[in-house]
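So the chains spell out like this:
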Amino acid sequence: MKTEQLYEFLVLSRTLNYSRAADALYISQSVLSRHILEMEQELNTILFFRTTHNVSLTPAGHLLARKAESLLDKCNAAVHLARTGSLPSKGRVRIACAPEIACSPRLQAFVRYFSERYPDIYVHFEVKSEGTPESVLENPAFDFVFTPCEYANLPSGARQFLLERHDTYAAFSSGHRLLSKPQIYLRELAGETILVPFAHELFGPYAKNWLLVQKYTHKTATCIQVPNLATALFLVSVQKGVAIIPRHARALASGEIYLSRIANEVCCFNEYVYYMEREESAAAGLFFEELQLSFLPRKNGFTPD
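Every value quoted in this text rests on a predicted model; they were computed, and no experiment measured them.

Draft legend 1. Region of interest: the overall build of the protein chain. In terms of regular secondary structure, the protein chain is built from 9 helices and 13 strands. Residues counted as buried form 48% of the 305 residues belonging to the protein chain. Counting only carbon and sulfur atoms, one obtains 53% of the accessible surface of the protein chain, whose full area is about 15,100 Å².

Draft legend 2. Just the packing of aromatic side chains, in detail. Following the criterion strictly, the structure yields 16 aromatic pairs and no others. Put simply, the rings of Phe110, Tyr113, Phe114, Tyr118, Phe144, Phe146, Phe161, Tyr275, Phe287 and Phe288 pair up and form one aromatic cluster. Between the NZ or CZ atom of Arg187 and the centre of the ring of Tyr185, over which it lies, the distance is 4.7 Å.

Draft legend 3. Focus on the nonpolar core. Counting residues in each nonpolar core, the largest one holds 32 residues, and the members touching the most others are Leu186, Leu189, Ile194 and Val213. Broken down by secondary-structure element, the contributors of at least two residues to this core are strand S7 (169-172), strand S9 (193-197), helix H7 (205-216), helix H8 (229-237) and strand S11 (243-245). The element best represented in this core is H8, accounting for 5 residues. The residues contacting Val213, other than those within four sequence positions of it, are Leu186, Leu189, Ile194, Ala221 and Ile244. Of all hydrophobic cores here, the second largest spans 25 residues; its members include Phe114, Phe146, Tyr275 and Leu291.

Draft legend 4. Representation of helix H1 (residues 3-15) within the structure. Given a rise of 1.5 Å per residue, 13 residues ought to cover 18 Å, and the 19 Å separating the end C-alpha atoms of H1 matches this to within 8%. Looking only at H1, the buried set comprises Gln5, Leu6, Tyr7, Glu8, Phe9, Leu10, Val11, Leu12 and Ser13. Where H1 terminates, the next one or two residues include Leu16, which has phi positive at roughly 50°.

Draft legend 5. Quick look at the packing of helix H2 (residues 18-25) against helix H3 (residues 29-43). Direction vectors running N to C along H2 and H3 enclose 100°, while the axes themselves pass 9 Å from each other. Here H2 is positioned roughly perpendicular relative to H3, judged by the angle of their axes. In this structure, H2 uses Tyr18, Ser19, Ala21, Ala22 and Leu25 to contact H3, whose residues at the interface are Gln29, Leu32, Ser33 and Ile36.

Draft legend 6. Layout of the pattern of salt bridges. Within this structure, the stated rule accounts for 13 salt bridges. With a shortest N-O distance of 2.8 Å, Arg106 and Glu164 are connected by a salt bridge. Taken together, the residues Arg106 in helix H6 (residues 105-117) and Glu164 in strand S6 (residues 158-167) connect sequence positions 58 residues apart. Residues participating in the shared-partner salt-bridge network are Arg94, Asp143 and Arg278.

Draft legend 7. Inspection of the sheet that holds strand S5 (residues 144-147) at higher detail. Spatially, S4-S3-S5-S13-S6 is the arrangement adopted by the 5 strands of the open sheet, whose pairing is mixed. This sheet does not close on itself; its edge strands, each paired only once, are strand S4 (121-127) and S6. On average, each strand axis in the sheet is inclined to that of its neighbour by 15°, with strand direction left out of account. Taken together, the 4 bridges between S5 and strand S13 (residues 268-276) define a ladder with antiparallel strand orientation. Paired with Phe146 across the two strands is Val273, which belongs to S13. In the packing of H6 onto the sheet, the strands contacted are strand S3 (91-97), S4, S5 and S6, and the crossing angle to S4 comes to about 155°.

Draft legend 8. How the structure looks around the environment of His35. On the secondary structure map, His35 appears in helix H3. Taking relative accessible area as the criterion, His35 reaches 19% and is therefore assigned buried. Excluding its chain neighbours within four sequence positions, the residues that come into contact with His35 are Gln5 and Glu8.

Draft legend 9. Up close: the pairing of S3. Of all 7 residues in S3, 5 are buried, a share of seventy percent or more. In the sheet, S3 pairs with S4 via 7 bridges, with the strands oriented parallel. Directly across from Ile95, in S4, lies its bridge partner Phe125. Two elements, S3 and S5, share 3 bridges in a ladder whose sense is parallel. Across the sheet, Ile95 pairs through a bridge with Phe144, a residue of S5.

Rules of the game
Residues numbered from 1 in each chain as written. Predicted model: local features only at pLDDT ≥ 70, side-chain atom pairs only at ≥ 80, totals over all residues. Heavy atoms only, no water. Helix = DSSP H or I, 4+ residues; strand = E, 2+ residues; numbered from the N terminus. Buried < 20%, exposed > 50% of the residue type's maximum accessible area, 1.4 Å probe, protein only. Areas by Shrake-Rupley, 256 points an atom, 1.4 Å probe, with all protein chains shown as cover. Phe/Tyr/Trp six-rings, centres within 6.5 Å; stacked < 30°, edge-to-face > 60°. Lys NZ or Arg CZ within 6 Å of the ring centre and 35° of its normal. Core = buried A, V, L, I, M, F, W, Y, C linked by side-chain atoms within 4.5 Å. Contact = heavy atoms within 4.5 Å. Expected span 1.5 Å × (residues − 1). Axes fitted to C-alpha atoms, helices over the stretch in contact; angles between N-to-C directions. Parallel < 35°, antiparallel > 145°, perpendicular 65-115°, else oblique. Salt bridge = Lys/Arg side-chain N within 4 Å of Asp/Glu carboxyl O. Pairing = 2+ DSSP bridges.

What follows is the structure in structure tokens.
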């Protein structure tokens, strides 16, 4: 049995919904169904009861689900040790990072951990306040790009990895009509002015979420394009409009910013890392192995804020 199959089983055992599990795994529902069926045939047992409207675990499925996560953790740790054992403990790692991801507590904790564990590897970390357009992947000055953008065309040797998937929040100033609501729907933004940073990044979340606002408000909301997130949040604080952001990005804002969760699940904020694999940068390979091990257990579904 492949570890990928076990991971897919674990996701389905938690969601008990083929469509939601397939979305979380970024595969089609038919592929997931085939993989689960192959797994059941290999184990010679039924793992899920399936009806037209319901999916539930069999007793064998419950038993495997209780053991699957620890099995995956042990397997990942063993693979990690095998891969990193031959990698150098000296060198340099060069990182370009979007400002909102630089605010991520998990990423900050990982970089601290890596630097402490490998003190002879220098981590050069550069926050790109101007954004992370697709062209940054071609820049030989960087081994990694941390960005909310899901690029369509990757250069040769580039590898994509989903770090986190977050809910989004509407950022308001004091006195806003929607301020009292802890959760809002996109349709409630009808007539609002939406401040959209990095609107030129066609594969980025801000442009995508602005299109969703247009859809759900029947194009009654207006857009002001701004160069970056810090500018958008400043304009929110002086009552020039509303911004849709990941919650931890509030670290860039003043205390006059208030957040309400967006209830529409399609309005989301993903964090990706792109690794430009190069033979001459073995230290970057070690960084990537450690990164995968640290983030893999929570890559499915939304990360709680």
